Amino acid sequence: MQSDYYSILVVDDEDSIRRLLQKELASPRRRIHTAASATEGLRLCHQESFEVILLDIRLDDGNGLDLLPDFLRLLPDAKIIMITGYADLDGAVTAMRNGAYDFVAKPFTLSKLELIVERAFEHTSLACENRSLRLASGNKEHALVGNSLAMRDLVFLLKKVGPTDVPVLITGESGTGKDVVAAEIHRASARRTRPFVVKNCAGLQKELARSELFGHVKGSFTNALESTEGLMTFANRGTLFLDEVGELPLEVQALLLRVLENQRYRRVGEKDERNANVRFLFATNRNLADEVQRGNFHEALYHRINVFQISLPALKERREDIPLLVAHFLAQLGGDRARYSISPEAMNCLMHYHWPGNVRELRNVIERGLILAENNIISEKTLPRDLVESVAGSVSRPAPSLAPATTPSDGRKKLLPASRRKIGGESMLPGVSLLLDDVERGHIAQVLAMFGGNKQKVAKALGIARKTLYRRLKTMGLE
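Remember, predicted model here, so these are calculated numbers, not experimental data.

We now examine the packing of helix H6 (residues 149-161) against helix H7 (residues 178-187). Two elements in contact, H6 and H7, have axes separated by 8 Å at closest approach and are oriented at 40°. Viewed along their axes, H6 and H7 adopt a mutual orientation that is oblique. Of the two possible hands of crossing, H6 and H7 adopt the one that is right-handed. Contacts from Leu154, Leu158 and Val161 in H6 reach Val181, Glu184 and Ile185 in H7.

Moving on, we come to the side chain of Arg274. Among the secondary structure elements, Arg274 is positioned in strand E14 (residues 274-275). Within the structure, Arg274 has its side chain in polar contact with the side chain of Glu229 (distance 2.7 Å). For Arg274, the residues in contact, after removing those within four places along its chain, are His46, Gln47, Leu74, Glu229, Thr233, Gln263, Arg264, Tyr265 and Arg267.

Here the focus is the environment of Ala283. Looking at the secondary structure, you find Ala283 in strand E15 (residues 279-284). It is 9.5 Å that separates the C-alpha atoms of Ala283 and Gln309, two residues lying 26 residues apart in sequence. Among all residues touching Ala283, those that are not within four sequence positions of it are Leu169, Ile170, Lys178, Phe241, Leu242, Asp243, Glu244 and Val245.

Take the environment of Thr34 next. Within the secondary structure layout, Thr34 lies in strand E2 (residues 30-35). C-alpha separation for the pair Thr34 and Asp15, spaced 19 residues apart in sequence, amounts to 9.7 Å. Contact partners of Thr34, with chain neighbours within four places excluded, come to Leu9, Val10, Arg18, Gln22, Glu40 and Leu44.

Bringing the nonpolar core into the picture now. Among the nonpolar cores identified, the biggest contains 31 residues, and Met232, Leu240, Leu248, Leu256, Phe280, Phe282 and Ile305 are the most heavily contacted of them. Elements with a contribution of two residues or more to this core: helix H8 (209-214), helix H9 (231-234), strand E12 (239-243), helix H10 (250-262), E15, helix H11 (288-294) and helix H12 (299-305). For this core, the element with the most residues is H10, which contributes five residues. Filtering out sequence-adjacent residues up to four positions away, Leu256 remains in contact with Phe214, Met232, Leu242, Leu248, Phe280, Phe282 and Leu301. Within the second largest apolar cluster, 28 residues are counted, among which are Ile342, Met347, Leu362 and Leu387.

Another point: the sheet that holds strand E8 (residues 168-171). Judged by pairing direction, the sheet is parallel, and its five strands sit side by side in the order E9-E12-E15-E8-E16 without closing on themselves. Each edge of the sheet is formed by a strand with only one pairing partner; in this case those strands are strand E9 (196-200) and strand E16 (308-311). If you compare each strand with its neighbour and ignore which way they point, the axes differ by 20° on average. Bridging between E8 and E16 involves four bridges; their strand directions are parallel. By the bridge assignment, Ile170 is partnered in E16 with Ile310. Together, E8, E15 and E16 form the strand contacts of H6, whose direction differs from that of E16 by roughly 155°. H10 contacts E12 and E15 of the sheet and is inclined by roughly 140° relative to E15.

Our focus in this paragraph is empty space enclosed by the protein. Scanning all chains against the criterion turns up three cavities of 30 Å³ or more. When its volume is computed, the largest cavity comes out at roughly 90 Å³. Around the largest cavity, the lining residues are Cys45, His46, Glu48, Ser49, Leu75, Met232, Thr233, Asn236, Tyr265, Arg274, Asn275 and Ala276. At the level of elements, helix H2 (38-47), H9 and E14 are the ones that each hand at least two residues to the lining of the largest cavity. Looking at the lining of the largest cavity, its residues break down into five nonpolar, five polar and two charged.

Bringing the side chain of Gln253 into the picture now. Considering the arrangement of structural elements, one finds Gln253 in helix H10. Residue Gln253 is classed as buried on the basis of its relative accessible area, which comes to 0%.

The next thing to look at is the sheet that holds strand E6 (residues 79-84). On the basis of which strands lie adjacent, the open sheet formed by five strands has the order E2-E1-E3-E6-E7 and parallel pairing. Of all strands in the sheet, those bounded by a partner on one side alone are E2 and strand E7 (102-105). The sheet shows a mean angle of 20° between the axes of neighbouring strands, direction not considered. Where strand E3 (residues 52-56) meets E6, five bridges bridge the pair, whose relative direction is parallel. In the sheet register, Ile53 faces E6, and the bridge partner there is Ile80. In this fold helix H1 (residues 15-25) packs onto strand E1 (6-11), E2, E3 and E6, with an angle of close to 175° to the strand it touches most, E2. Along the sheet, helix H3 (residues 64-74) makes contact with E1, E3 and E6, crossing E6 at roughly 165°.

If you walk through the whole model with that rule in mind, you get 26 salt bridges. One salt bridge connects Glu247 with Arg286, and the closest N-O pair in it is separated by 2.9 Å. Within this pair, whereas Glu247 is found in the loop between E12 and H10, its partner Arg286 is found in the loop between E15 and H11, the two being separated by 39 residues in sequence. What you see here is one network of salt bridges that share partners, running through Asp12, Glu14, Asp56 and Lys106.

Before going further, it helps to examine the packing of aromatic side chains. Enumeration over the complete set of coordinates arrives at five aromatic pairs. Measuring from ring centre to ring centre gives 5.9 Å for Phe280 and Phe282, while their planes differ by 5°; the resulting arrangement is stacked. The pair formed by Phe280 and Phe282 is uniform in burial state, with each residue classed as buried. Ring geometry for Tyr353 versus Trp355: centroids 4.7 Å apart, planes at 85°, classification edge-to-face. On the accessibility criterion, Tyr353 (6% relative accessible area) is buried.

Let us now look at the packing of helix H13 (residues 322-333) against helix H14 (residues 344-352). Look at H13 against H14: their axes get within 10 Å of each other, and the N-to-C directions meet at 120°. Taken as axis vectors, H13 and H14 run oblique relative to one another. In this structure, H13 crosses over H14, and the sense of that crossing is right-handed. Taking contact as the criterion, the partners of Ile322, Pro323 and Val326 in H13 are, on H14, Met347, Leu350 and Met351. Counted by class, the contact of H13 with H14 contains six nonpolar, no polar and no charged residues.

Calculation notes
Residues numbered from 1 in each chain as written. Predicted model: local features only at pLDDT ≥ 70, side-chain atom pairs only at ≥ 80, totals over all residues. Heavy atoms only, no water. Axes fitted to C-alpha atoms, helices over the stretch in contact; angles between N-to-C directions. Helix = DSSP H or I, 4+ residues; strand = E, 2+ residues; numbered from the N terminus. Parallel < 35°, antiparallel > 145°, perpendicular 65-115°, else oblique. Left-handed = near helix turned anticlockwise from the far one by under 90°. Contact = heavy atoms within 4.5 Å. Polar contact = N/O pair within 3.5 Å; in protein donor to acceptor, adjacent residues only side chain to side chain. Core = buried A, V, L, I, M, F, W, Y, C linked by side-chain atoms within 4.5 Å. Buried < 20%, exposed > 50% of the residue type's maximum accessible area, 1.4 Å probe, protein only. Pairing = 2+ DSSP bridges. 1 Å grid on protein atoms, 1.4 Å probe; cavity = no way out; pocket = protein on both sides within 12 Å on 5 of 7 lines; lining within 4 Å. Points joined across faces, edges and corners; volume = space filled by probe spheres on them. Nonpolar A, V, L, I, M, F, W, Y, C, P; charged D, E, K, R; others polar. Salt bridge = Lys/Arg side-chain N within 4 Å of Asp/Glu carboxyl O. Phe/Tyr/Trp six-rings, centres within 6.5 Å; stacked < 30°, edge-to-face > 60°.

Spelled out as structure tokens, the structure:
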């Protein structure tokens, strides 16, 4: 399903007008549909979604002014442009007060009409984008940061599945970044300019879950005082990400299965079906196969959404990414005060902690550390006490990592603690000195990419002089 176009509906009982607009407005960017009557136009609005509607005021089976509320009720985000004769100008102005976007008087020039249509589409796109951002807000806790084998495998999978339209099931413990992966899939798809709508199913009230997903018509149930659209409509031609899909009520699961199989759905209380042009992404921290055995999850739905599964590793399974994540959060959360660093002792705690809350917990720890930091350094005493005690109680402190330093007269290399290692005569970013050279190289490459190659900012984030950075980049082949 392509998404790099928008759809226009022309409702006019004059065959010559319909044929003219069908021919002249059509382009790779626009899909034109026509209706010769109000009845046909409303039927099409039940089945399809249109960004722009050209509605004639005088139709054989109705008055466009009277029908305007019906079209707006079916497609509240669509921009309706009234087509009118000069004698109907007063009515057209009234229509704009009642929700029409604009009007064009016959005879009209195609260039003027095309300009109005483009502006109308820009308005409806902005409204959908704003809603999408509101629905998705607060879900992106961290970027895809890491150079571990697990993260490289993940990036490979995202590049492969992103451009397709198949459903994706994202699994993993809470806090591993399932929402971030979903956003990356959307950005890699042909739908990236369309809405990305996020809904956590755990927050859906059982009795209202069907309405929130599919919408409802006025009077369809108690307190349904107005007709509303559901997430299916808001995500039209875009992506709908259902987090914690295992929390959906069974009866709603059955309806969702039908959407996936037939790309059709009904609003609650509505007889006519609508098309669902939506790419679905799902996430869960449950074992859905076990939930199927327990009777808590629809078996057919499980097989339908499990076309392509991506399993996210827990943070404790990719500890080598912790310094990269720490550097990322220091840059992200430090604001203008990007001089923060972390002591070797604190980094040692972070590297050995078991992280039950995964990356989300690490972010929270760094945010807390920034508040308590002294002299812009996150030290061991600024970390949560239970974290430090957990590390102290579960592992014995390892002997200091050793690194080659000076060569004495007997020709043997003298070893210094890694915390005292120097690069180019100056200390590395505190904590990074605990890492092996290959991880250190990946870290510097990551920070370099983070700041778009701006070496001044990279040196500042790493806590080293620019000359030192230049020498290190040359040594590592990162120039």
